Amino acid sequence: MTTPGPLALVGGDELHPGNEQQDRALVEAAGDGPAFVLATAAGRQRPELAVRHAVDWFASLGLGVEELPATKRSHATSHEVAERARGGRFFYLVGGDPGLVPKTLAGSPVWDAIVAAWRGGAALAGSSAGAMAMGEWTLVRDRMPGDDRRRYAAALGVVPGVAVLPHFETFGHRWVDSARAAAPRDDVVLVGVDERSAAVWQDGAWRAFGPGAVTVMSPGSREDRAESGAAINGLPNPG
């Protein structure tokens with residue numbers, strides 16, 4: 001039976017020094033297979049710059065990556081792009097707009113191919129908005145830009161029952177109250193991930209990577225904080 005590859009929920013400020021621990025684990029899992037960066041979340045923010053940055057960053061870690069086109073729904077429904085994705089061994093979703101990733105990828109042939117490749121052993125990671133999309137819900141602005149109030153929108157559901165709060169030590173912690181108040185169910189698990197840090201699922205368990213921490217906020221206001229290298233408690237396994 002094939003074992004899924006590693007899954008990383010990165011807290012943002014990706015592709016910069018400080019991310020080496022989790023990114024090297026992903027690179028190792030990729031082996032010599034095709035490796036892709038998806039700039040879906042950056043689709044309105046010069047995605048070509050995000051791709052160029054990813055290419056340079058992962059080259060410094062010994063991995064050649066290329067863009068998997070995924071900034072438009074027409075890309076996500078392309079059977080040609082899906083065929084490329086099926087052979088991939090590494091997928092990294094960069095940050096940007098939390099609402100764009102599920103809107104673009106959910107239910108598409110390309111996303112189905114990526115999930116199948118991950119279940120077949122490929123590495124899968126998302127940072128900031130990319131990490132948020134991996135949960136059952138993503139948190140989008142309730143109203144105006146800069147508003148700390150967040151509302152839930154359906155995400156890609158790789159990790160069931162979860163909403164990810166990236167940039168947790170800088171500004172993501174300000175979303176906690178509204179996320180709790182607006183929770184669509186009473187069993188929602190909030191996962192705060194510090195910048196340049198990650199919750200990494202590998203070999204059947206979650207561990208914290210990077211210089212920061214991962215904070216799991218379970219129903220009933222219970223909090224578990226995991227520092228680098230520690231097991232993460234209360235975070236559901238990927239589905």
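Whatever comes next refers back to the structure up there.
Bear in mind the structure is a predicted one, so any value in this text is a computation, not a measurement. Once a new chain begins, its residue numbering starts again from 1 and follows that chain's sequence as written. Totals for whole chains, interfaces and linings use all residues, but because this is a predicted model, local features are given only for residues with pLDDT of at least 70 and pairs of side-chain atoms are given and counted only at 80 or more. Heavy atoms throughout the structure, all of them, feed into the side-chain values; hydrogens and water do not.

### Focus: the overall build of the protein
Assigned secondary structure in the protein consists of eight helices and 13 strands. Taking 18 Å as the expected radius of gyration for a compact globule of 239 residues, we find that the protein reaches 16 Å, a close match to that expectation. Taking the principal axes of the C-alpha coordinates as reference, the protein spans close to 45 × 35 × 35 Å. Contact criterion: two residues are considered in contact whenever any of their non-hydrogen atoms come within 4.5 Å of each other. Of the contacts made within the protein by residues no fewer than 6 positions apart, 73% connect residues no fewer than 24 positions apart. On the protein, roughly 9,900 Å² of surface is accessible, and the fraction owed to carbon and sulfur atoms is 48%. Helix and strand assignments come from DSSP, with helices taken as H or I runs of at least 4 residues and strands as E runs of at least 2, each series counted from the N terminus. Atoms counted for the radius of gyration: C-alpha only. Globule rule: 2.2 Å times the number of residues to the power 0.38. Shrake-Rupley sampling with a 1.4 Å probe provides the accessible areas, and residues are treated as covered by the protein chains on show and by no other component.

### Observations regarding unusual backbone geometry
Within the chain, L15 stands out as a residue other than glycine whose phi angle is a positive 65°. As for its placement among the helices and strands, L15 is situated in the loop between strand 1 (7-10) and helix 1 (20-30). Of note, the phi angle at H167 is positive, near 50°, even though the residue is not glycine. By secondary structure assignment, the location of H167 is in the loop between strand 8 (159-165) and helix 8 (176-181).

### Side note on the sheet that holds strand 2 (residues 35-38)
Remark on secondary structure: sheet strands pair via backbone hydrogen bonds, oriented parallel or antiparallel. Sheet architecture is open: seven strands sit in the order 3-2-4-5-1-10-11, paired in mixed fashion. Strands with a single pairing partner mark the edges of an open sheet, and in this sheet they are strand 3 (66-67) and strand 11 (205-209). Any two strands between which DSSP finds at least two bridges are classified as paired.

### Points about the sheet that holds strand 8
Taken in spatial order, the six strands of this open sheet run 7-6-8-9-12-13, and their pairing is mixed. Each edge of the open sheet is held by one strand with a lone partner, namely strand 7 (150-154) and strand 13 (222-227). Adjacent strand axes in the sheet meet at a mean angle of 30° when their direction is disregarded. Taken together, the five bridges between strand 6 (residues 135-141) and strand 7 define a ladder with antiparallel strand orientation. Bridged to R141 within strand 7 is R150. Angles shown run from 0 to 180 degrees and are taken between the N-to-C directions of axes, each axis being a line fitted to C-alpha atoms and, for helices, limited to the stretch in contact.

### Here's the deal with the side chain of E195
Turning to its location among the elements, E195 is positioned in the loop between strand 9 (189-193) and strand 10 (198-202). Note on exposure labels: buried denotes an accessible area under 20% of the residue type's maximum, exposed denotes more than 50%, and partly exposed covers the range between, all computed with a 1.4 Å probe on protein chains only. Relative accessible area serves as the criterion here: at 14%, E195 is assigned to the buried category. Apart from residues lying up to four places away in sequence, E195 is in contact with G11, G12, D13, H167, E169 and T170.

### Details of the nonpolar core
Definition used in this section: a nonpolar core is a set of buried Ala, Val, Leu, Ile, Met, Phe, Trp, Tyr and Cys residues joined via side-chain atoms within 4.5 Å. Counting residues in each nonpolar core, the largest one holds 58 residues, and the members touching the most others are F91 and W111. A total of seven residues in this core trace back to one element, the largest contributor, which is helix 6 (residues 109-119). Not counting residues up to four positions away in its chain, the partners in contact with F91 are F36, L38, L68, A85, I114, A117, A122, A123, L124 and A125. In terms of nonpolar packing, the next biggest core, distinct from the first, is built from 27 residues, V10, A35, Y92 and V94 among them.

### Some words on the packing of aromatic side chains
Between rings of Phe, Tyr and Trp, where Trp is taken as its six-membered ring, a pair exists when centres lie within 6.5 Å; planes separated by under 30 degrees are stacked, by over 60 edge-to-face, and by other angles tilted. Going through the model one piece at a time under the given rule, you end up with six aromatic pairs. An aromatic cluster is present here, built from F58, F90 and Y92 joined pairwise through their rings.

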